[in-house]
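One-letter residues, chain by chain:
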Amino acid sequence: MSVIKQETNLIVQKNRELTAILEVSRVLTTSFALEKNLQSVMSTLGTLLEMQRGCVFLLDPLSGELRIVAAHGLTKKNIEKGKYRIGEGIVGRVLEKKRPMVIQNIDNEPLFLNKTGARPAKAGVSFLCIPLMLKEEVLGVLSVDRIYSEKLGNVDDDLRVLTIVASLIAQFIKLWESYEEIEHEKEDLKRELQGKYRIENMIGMSDKIQGVYEAVHRVAPSKATVLLRGESGTGKELIAKGIHYMSPRSKGAFIKFNCASIPEGLLESELFGHEKGAFTGAIASRKGKFELAEAGTIFLDEIGDLPVSLQPKILRVLQEKEFERVGSENTIKVDVRIITATSRNLEDLAARGKFREDLYYRLNVIPIFLPPLRERGEDIPVLIEFFLDKFNKENNRMVSLDKYALQVLLSYNWPGNVRELENTIERLVIMTGVDKITPSELPVSLSLKPSQILVDSGSLSANVEEIEKANILESLEKTGWNQSKAARLLGITPRQIGYKIRKYKLNSTEL
Ligand SMILES: Nc1ncnc2c1ncn2[C@@H]1O[C@H](COP(=O)(O)OP(=O)(O)OP(=O)(O)O)[C@@H](O)[C@H]1O
Ligand SMILES: [Mg+2]
């Protein structure tokens, strides 16, 4: 080879090495994704330095084993097999001695174990193995196979480049380790915080319900009037009790009163009590709910249903903490905390003159909104588990749900919220004879309507497809594969069902 050609080769070679090093350091600073980044490094070495095979082994300090985390030119099987202990084979020895090793021709080397089985016999390759070190600590090993030719430079050049690459990798691994540690600490802290806001008997850890717990913890110690708002079955009563039992009045009574449960005529005496002879049938004096709640909490449920005639009296208790029993002129002073709840739109009621505005403002000092179950889907699995456990214990059963039944429950929109879920699970535990519930045991009302399926594009969409497929299959089977009948059953057109059958490849002859 002429001198000029040699020099040109050398320049090309150096240029390539520099590019490789630059590329490796670029890849390693893009993110903290360990395996992905190391994989890119190996591919870079593969292409830019023309290396046949390469591996990054990391030392698992617990097992003392070296494991491949990234590789170039190896199959999955090769990777799985490539495990070394400290001191074992060349890789293990490099780790132990903390010094690189170069084998000019692996065919002549008895120490070479070829554990991965990636290299054919008599391949004529050289093997370079460099420890990944930071200060004195060895984190793993970088290994590379390479066929040499004059054009590609020599082993010493490679060793130099790979030593630089190894130190870049080692620094990255150290950084990654501290990043992982911080992430874990963050997770732990978050979990600790979540645990902090627990409420007796309340299940659910979604962000939305966490917000509720947090609000409850803030208001509980005070005497403030709280208005709980939310759809039916979202847990308003549970929260009202939670506030009471977490408050300084927890030793006092928790008196619940449903404003919608009693005829208007009897409401006043129920709430405020009456004197003997106050009205026909009042044969003895009686304390009302407010008096019973003395030093405790009164929970006025369905406050939106409170008749307008009684609203001023409630307003007075709220403001002055005083009232009179029916048929008495004696003013009674009480020390009660008032918690109210409603699933109705109080603003709307106020606008229509059904709810006094002054009372509304007085009640609405601290509103707490309970999110509907469909807005906190991540709580559904834990609630299911909780209720299954509860009703299994109560009924001495071992009922569980199969994957598909669970998917149906996860995709349903629960208009009756937690109460509906609770009732559904109770019914399933009591009424089904089987231990493993499949979608066919579920109440028909729970199976998704096609319209619902089509609009659902959220995180559950993959599941929704499965459910949709199962639903279509079920209706086809029910109707003896009569597509028009099946479509009618599902509330979709024959054309739509035809499309879906093709989409999901549901063909009776293939099943
Ligand atoms: N987060 C929850 N964890 C466990 N059980 C819950 C939860 N939320 C509600 N429940 C249960 O669901 C049922 C309904 O709850 P609750 O009576 O508190 O709802 P509500 O909002 O007062 O409903 P309504 O407006 O219909 O009176 C109860 O049996 C309650 O124990
Ligand atoms: Mg209630």
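Conventions used here
- Residues numbered from 1 in each chain as written.
- Chains lettered and ligands numbered in written order.
- Predicted model: local features only at pLDDT ≥ 70, side-chain atom pairs only at ≥ 80, totals over all residues.
- Domains from an automatic or database assignment.
- Contact = placed C-beta atoms within 7 Å.
- Nonpolar A, V, L, I, M, F, W, Y, C, P; charged D, E, K, R; others polar.
- Pairing = 2+ DSSP bridges.
- Helix = DSSP H or I, 4+ residues; strand = E, 2+ residues; numbered from the N terminus.
- Axes fitted to C-alpha atoms, helices over the stretch in contact; angles between N-to-C directions.
- Near = placed C-beta within 6 Å.
- Left-handed = near helix turned anticlockwise from the far one by under 90°.

Draft legend 1. Region of the structure containing the domain arrangement of the chain. Once the domains are mapped, the chain shows domain 1 (3-180), domain 2 (209-371) and domain 3 (375-510). Between the C-alpha centres of domain 2 and domain 3 there is a distance of 40 Å. Counting residues at the interface gives 7 residues for domain 2 and 8 residues for domain 3. Considering only residue class, the side of domain 2 that touches domain 3 consists of 2 nonpolar, 4 polar and 1 charged.

Draft legend 2. Main features of the sheet that holds strand E4 (residues 101-103). Reading across the sheet, the 6 strands line up as E3-E2-E1-E6-E5-E4 and stay open at both edges, with antiparallel pairing between neighbours. In this open sheet, the two strands that pair with only one neighbour each are strand E3 (83-85) and E4. Neighbour-to-neighbour, the strand axes of the sheet open up by a mean angle of 20°, direction not taken into account. Packing of helix H2 (residues 34-48) onto the sheet brings it into contact with strand E1 (53-60), strand E2 (65-72) and strand E6 (137-146), and relative to E2 it is tilted by some 60°. Across the sheet, helix H4 (residues 89-97) lies against E1, E2, E3, E4, strand E5 (126-134) and E6, angled at about 30° from E5, the strand it touches most.

Draft legend 3. A look at the site of ligand 1. Around ligand 1, the structure places 16 residues, and the nearest of them are Ser232, Gly235, Lys236, Glu237 and Val418. Of all elements in the fold, only helix H7 (236-245) and helix H15 (417-431) reach the threshold of two or more residues within the shell around ligand 1. Taken domain by domain, the shell around ligand 1 gets at least three of its residues from each of domain 2 (209-371) and domain 3 (375-510).

Draft legend 4. The arrangement of the packing of helix H6 (residues 207-219) against H7 in detail. Remark: H6 packs on H7, axes separated minimally by 9 Å, with the N-to-C direction vectors making an angle of 35°. Considering the relative orientation of H6 and H7, their crossing is right-handed. Contacts between H6 and H7 involve Val212, Val216 and Val219 from the first element and Ile239, Gly242 and Ile243 from the second. For the contact of H6 with H7, the class distribution of residues is 5 nonpolar, 1 polar and no charged.

Draft legend 5. Spotlight on the sheet that holds strand E11 (residues 297-301). Across the sheet, which stays open at both edges, the 5 strands sit in the order E8-E11-E14-E7-E15 with parallel pairing between neighbours. Every interior strand has two partners, whereas the edge strands, strand E8 (254-258) and strand E15 (366-370), have only one. Strand-to-strand twist of the sheet, defined as the mean angle between neighbouring strand axes without regard to direction, takes the value 20°. As judged from the 5 bridges shared by E8 and E11, these two strands associate in the parallel manner. Looking at E11, one finds that Ile255 is bridged to Ile298. On top of the sheet, H7 reaches strand E7 (226-230), E8, E11, strand E14 (337-342) and E15; it is set at about 155° to E7, its chief contact.

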